[in-house]
Amino acid sequence: MQLRNTPSIAQALSLATCALLSDKALALNPVAGWQTDAAVLFYSEKDRVDVIEPTLIARRDLGDDEYLNLQLVYDSLSGATPTGAAPASHAQTFSTPSGNSSYSVAAGEQPRRKFSDVRGSLSLGWDKPLDRLTRLQLGAHISGETDYASLGINGSGLFDFNNKNTTLTLSLGFDGDHVAPKGGKPTPLSCAPGTGCASTSGGNGGEEEEGEGNIFQAFSGYTMDKKIGSALVGVTQLLSPKALVQLNYSYTRAQGYLTDPYKMVTRVYGETAGASAGDPIASYFESRPSSHSWNTLFSKFAWGFAHDTLQASYRYFWDDWQIHSHTAELSYQLMLSDAIYLRPYARYYRQTAADFYRHSTTERPLDYISADQRLGAFHDNTLGVRAAYGLGANNEIYLRIARFVQRGDSHPGDAIGVQRNFDLFPELQAVYTQLGINYQF
Amino acid sequence: MCELTFEQRQDFWAGLFEAMACPCEVLVDAADRDLIQRLARIACDEARRIEHKFSRYRPDNIIHTINNSHGRPVRVDEETARLLDYAAECHRLSAGKFDITSGVLRAAWRFDGSDRLPTPQQVSELLTRVGWDKVQWHTPVIQLQPGMEIDLGGIGKEYAVDRIAQLLRAATRHSFVVNLGGDLYVSGRRADGNTWIIGIDDPAATGEKSIGEISIAQGGVATSGDARRFLLRDGVRYGHILDPRNGWPVPDAPRSVTVIAPTCTEAGMYSTFAMLEGAGARAFLDAQGVTYWCV
């Protein structure tokens, strides 16, 4: 007898089997212990900043799918960073932020101040299942620089459903930061000493690097100058045992002292000044609104082939300062042998300028204004590769090398007079080199 | 402790061991003895782990705790919960024919080739203790009625094959075969582009006669059926596949069904479901669109 109407259960059985064999939550290697990732990153910008950053990430398996996470980062930064001040057709002299010395900038050059700083940060996290379908993650972090201190807490709930093929993530975070610039917080829109206004300090004329101090000093006198709250909702969907798609939305709001105390904006002579048009009159400390809220939409797709993995992600960012940005990233992990893999990756980023961004101004600045190029329009790309060599089942050493190039509008249409002769957004080139080891014990 | 032996066969290595009361092997497409030693060790450890954890014959595991809970609720771990979720789904998909509580019927049925059938009364008494729908399963807590038992034997071996395959895939990129007593998984084509060739046993002469060969690039293979386990009375052959809904053997079940599916676990379910369909086995398999051999 032929049963003509036997229904197909293939799809339902395949889904159920997929959930059974999904190794997302099931520890295949139920070894309690420490999984560590120790690395050192060298980041070097051409003619600007150098950073050496050792990091240690450790994850302690407490059993029953419960984990303790720890992350330690130390940065040592030094070099020269743009101040936002405009170049001039003559050599310029600026005071250091502390007001104790001054430095000069050659004609036509972008003003940059020399600095050095150190930063240390410690993050702790606790990750625990509440029941078979719910995880709770709690975290706290503390970080300090010579002139900045940050404290934060965060919490997330992860909810699995649909046979564990779907995960909903809800997160909340709060940071309280203290800003303690050398020489104190300048009054926004006040004239920077030595830039054409009456000088308030003498200076010794030499080039002095700022930044003696340690990572703890900004905690003395800690006050919450800046509060940042964030919320995230995300969905991760397993499409097959080897493919997943992720979509996150987050909203963040910062309030308080959001100005960069070291950035300036230069008032230049207008077109009516003839040959002097575009040359600096004076530079003023920048001023930003005391609130900033931003949104990000993030999507990611990961697909595993036989042994390789393709990942693609896209992020859209928009805020109430009128900055919109797009980030796209693509990586492919290629297994060359049992022990060696290569992961080439490419990243592209593009943003519009904040509505109060000006490369310079012809008026005495009275309202929010910044010439910080990080708030300007620019785009950048990163090309890199990570190579790893496996040392047994859970250990590997890896090397990551990447090249970064950032470009903006070097000759904006609204440049005034002599400013048209200068490169107002010099190209930034940087190289990342990171060497690390993943080790389990 | 796993006892492993190794054989070089033509141009690949085999690692052999015993687990789950059957001969097991891992084949790897590499002329590397260290690799096969490592992979066979992983496979054997995982097979033993799953056997210890889910065997109904051990007095020290979660199955024993559940089966001796006397009606009390038992909280289970993540992996057990996944298997119970899976068993519940298979019960639903088979309209109640696949049931992990049907093991108590073994008390009445002994398939030893004799003519000793149980009485209908014996069977109906046992049936009061059979039925997944009598079980309270609210992840991760299971509550059986007193006298009921569960047995994951119908899933365990195929599940172990797929778990081992996952571990081996993480440990090597060479093509391999995991074979636990005939239920197996093939990870992909061999380096020379050829497929692995799998022999299908004649159910009447297991391990001695082959009735066919499967050429398979990737996927799971599982077989249900044992032609030597039956009862014979008044010229009627009672196979050992019991219908948990009435407690009697499924009439006209095939002697043996072998199925190829993306995973060994799915292959095992298809072959088990097909046996439970009795005379409808082929129609059921045709409707699923899977490759099978039905004897």
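In what follows, the structure referred to is the one given above.
Residues numbered from 1 in each chain as written. Chains lettered and ligands numbered in written order. Predicted model: local features only at pLDDT ≥ 70, side-chain atom pairs only at ≥ 80, totals over all residues. Heavy atoms only, no water.

On to the overall build of chain A. If you tally the helices and strands in chain A, you get one helix and 20 strands. Taken over 441 residues, chain A has a buried fraction of 45%. Within chain A, counting contacts between residues at least 6 apart in sequence, those at least 24 apart form 64% of the total. Per element, the accessible surface of chain A, about 21,300 Å² overall, is 58% carbon and sulfur. (Helix = DSSP H or I, 4+ residues; strand = E, 2+ residues; numbered from the N terminus. Buried < 20%, exposed > 50% of the residue type's maximum accessible area, 1.4 Å probe, protein only. Contact = heavy atoms within 4.5 Å. Areas by Shrake-Rupley, 256 points an atom, 1.4 Å probe, with all protein chains shown as cover.)

This paragraph deals with the overall build of chain B. Within chain B, the regular secondary structure consists of seven helices and 15 strands. Put simply, chain B has 295 residues, and 56% of those count as buried. Sequence-distant contacts, at least 24 apart, represent 61% of the contacts inside chain B between residues at least 6 apart.

A few words on the interface of chain A and chain B. Counting residues at the interface gives 29 residues for chain A, matched by 35 residues for chain B. Carbon and sulfur atoms make up 61% of the surface buried where chain A meets chain B, a total of about 3,000 Å² over both sides. Three residues stand out in chain A for area buried against chain B, namely Leu-20, Leu-21 and Arg-132 of chain A, and they jointly supply 25% of the buried area on that side. Where chain A touches chain B, the interface holds zero salt bridges. Remark: the boundary between chain A and chain B carries nine residue pairs in polar contact (both at pLDDT 80 or more). No other element matches helix H1 (residues 10-21) of chain A, which puts nine residues into the side of chain A that touches chain B. Residues of the side of chain A that touches chain B, tallied by class, amount to 16 nonpolar, eight polar and five charged. (Buried area = accessible area lost by both parts, 1.4 Å probe. Salt bridge = Lys/Arg side-chain N within 4 Å of Asp/Glu carboxyl O. Polar contact = N/O pair within 3.5 Å; in protein donor to acceptor, adjacent residues only side chain to side chain. Nonpolar A, V, L, I, M, F, W, Y, C, P; charged D, E, K, R; others polar.)

All names here are of chain B. Counting 80 residues, the largest nonpolar core has Phe-17, Ile-142 and Tyr-270 as its most contacted members. Ranked by residues supplied to this core, first place goes to helix H1 (residues 33-54) with nine residues. Mapping this core onto the domain boundaries places at least three of its residues in each of domain 1 (1-56 + 152-180) and domain 2 (62-151 + 224-294). The contacts of Phe-17, once residues within four sequence positions are left out, are Glu-3, Leu-4, Cys-22, Pro-23, Cys-24, Val-26, Ala-40, Ala-43, Cys-44, Ala-47 and Leu-180. The next biggest cluster of nonpolar side chains, apart from the first, holds 14 residues, and it includes Phe-12, Leu-184, Trp-196 and Ile-198. (Core = buried A, V, L, I, M, F, W, Y, C linked by side-chain atoms within 4.5 Å. Domains from an automatic or database assignment.)

A packed helix pair is summarised by two numbers, namely the angle formed by the two axes and the spacing between the axes. Residues and elements named next belong to chain B. Two numbers describe how helix H5 (residues 153-171) lies on helix H6 (residues 264-276): the axes approach to 7 Å, and their chain directions differ by 155°. Between H5 and H6, the angle falls in the class roughly antiparallel. For the pair H5 and H6, the crossing hand works out as right-handed. Listed contacts from H6 to Gly-154, Ile-155, Glu-158, Tyr-159, Val-161 and Asp-162 of H5 are Cys-264, Thr-265, Gly-268 and Met-269. Counted by class, the contact of H5 with H6 contains five nonpolar, three polar and two charged residues. (Axes fitted to C-alpha atoms, helices over the stretch in contact; angles between N-to-C directions. Parallel < 35°, antiparallel > 145°, perpendicular 65-115°, else oblique. Left-handed = near helix turned anticlockwise from the far one by under 90°.)

Residues and elements named next belong to chain B. Using the criterion set out here, one finds zero disulfides over all chains in the structure. Cys-22 forms no disulfide, and the closest cysteine sulfur to it belongs to Cys-24, at a distance of 4.3 Å. Residue classification places Cys-22 among the buried positions, given a relative accessible area of 10%. (Disulfide = S-S within 2.5 Å.)

With twelve residues, H1 of chain A extends 16 Å between its outermost C-alpha atoms, agreeing within 8% with the 16 Å of an ideal straight helix rising 1.5 Å per residue. Within the sequence span of H1 of chain A, burial applies to Ala-10, Leu-13, Ala-16, Thr-17, Cys-18, Ala-19, Leu-20 and Leu-21 of chain A. The inward-facing, buried residues of H1 of chain A contact strand E10 (226-240) of chain A together with helix H3 (78-93), H5, H6 and helix H7 (281-288) of chain B. (Expected span 1.5 Å × (residues − 1).)

This part is about the environment of Thr-128 of chain B. Residues and elements named next belong to chain B. Relative to the assigned elements, Thr-128 resides in the loop between helix H4 (120-127) and strand E5 (136-138). Along the backbone, Thr-128 and Gly-147 are 19 residues apart, and their C-alpha atoms lie at a distance of 9.2 Å. Separated by 2.7 Å, the side chain of Thr-128 and the backbone oxygen of Glu-125 make a polar contact.

Residues and elements named next belong to chain B. Read across the sheet, three strands follow the order E4-E6-E5 without closing on themselves; strand pairing throughout is antiparallel. Looking along the sheet, the strands with just one partner apiece sit at the ends: strand E4 (74-75) and E5. For E4 and strand E6 (residues 141-143), the ladder comprises two bridges, and the chain directions are antiparallel. Bridge pairing in E6 links Arg-75 to Val-141. (Pairing = 2+ DSSP bridges.)

Here we take up the sheet that holds strand E1 (residues 5-9) of chain B. All names here are of chain B. Taken in spatial order, the eight strands make up an open sheet running E1-E2-E3-E7-E8-E11-E14-E15, and their pairing is antiparallel. Lying at the two open borders of the sheet, with one neighbouring strand each, are E1 and strand E15 (291-294). The mean angle between the axes of side-by-side strands here comes to 15°, regardless of whether they run parallel or antiparallel. Bridge count between strand E3 (residues 22-28) and strand E7 (residues 176-180): five bridges; the pairing is antiparallel. Residue pairing in the sheet places Cys-24 in a bridge with Leu-180 of E7. Seen against the sheet, H7 touches strand E14 (257-261) and E15 and runs at an angle of roughly 170° to E15.

Moving on to H4 of chain B. Residue and element names in this part refer to chain B. Three or more residues of H4 are buried, namely Val-123, Leu-126 and Leu-127. Within H4, the buried residues cover an arc of 105° as seen down the axis, which keeps them to one side. Turned more than 90 degrees away from the buried face of H4 sit Gln-121 and Glu-125, all of them exposed. (Arc of directions from axis to C-beta.)

Moving on: the pairing of strand E12 (residues 264-268) of chain A. All names here are of chain A. With four of its five residues buried, E12 lies for the most part within the structure. Note: E12 against strand E13 (residues 280-285), five bridges, orientation antiparallel. Its bridge partner lying in E13, Met-264 is registered against Phe-285.

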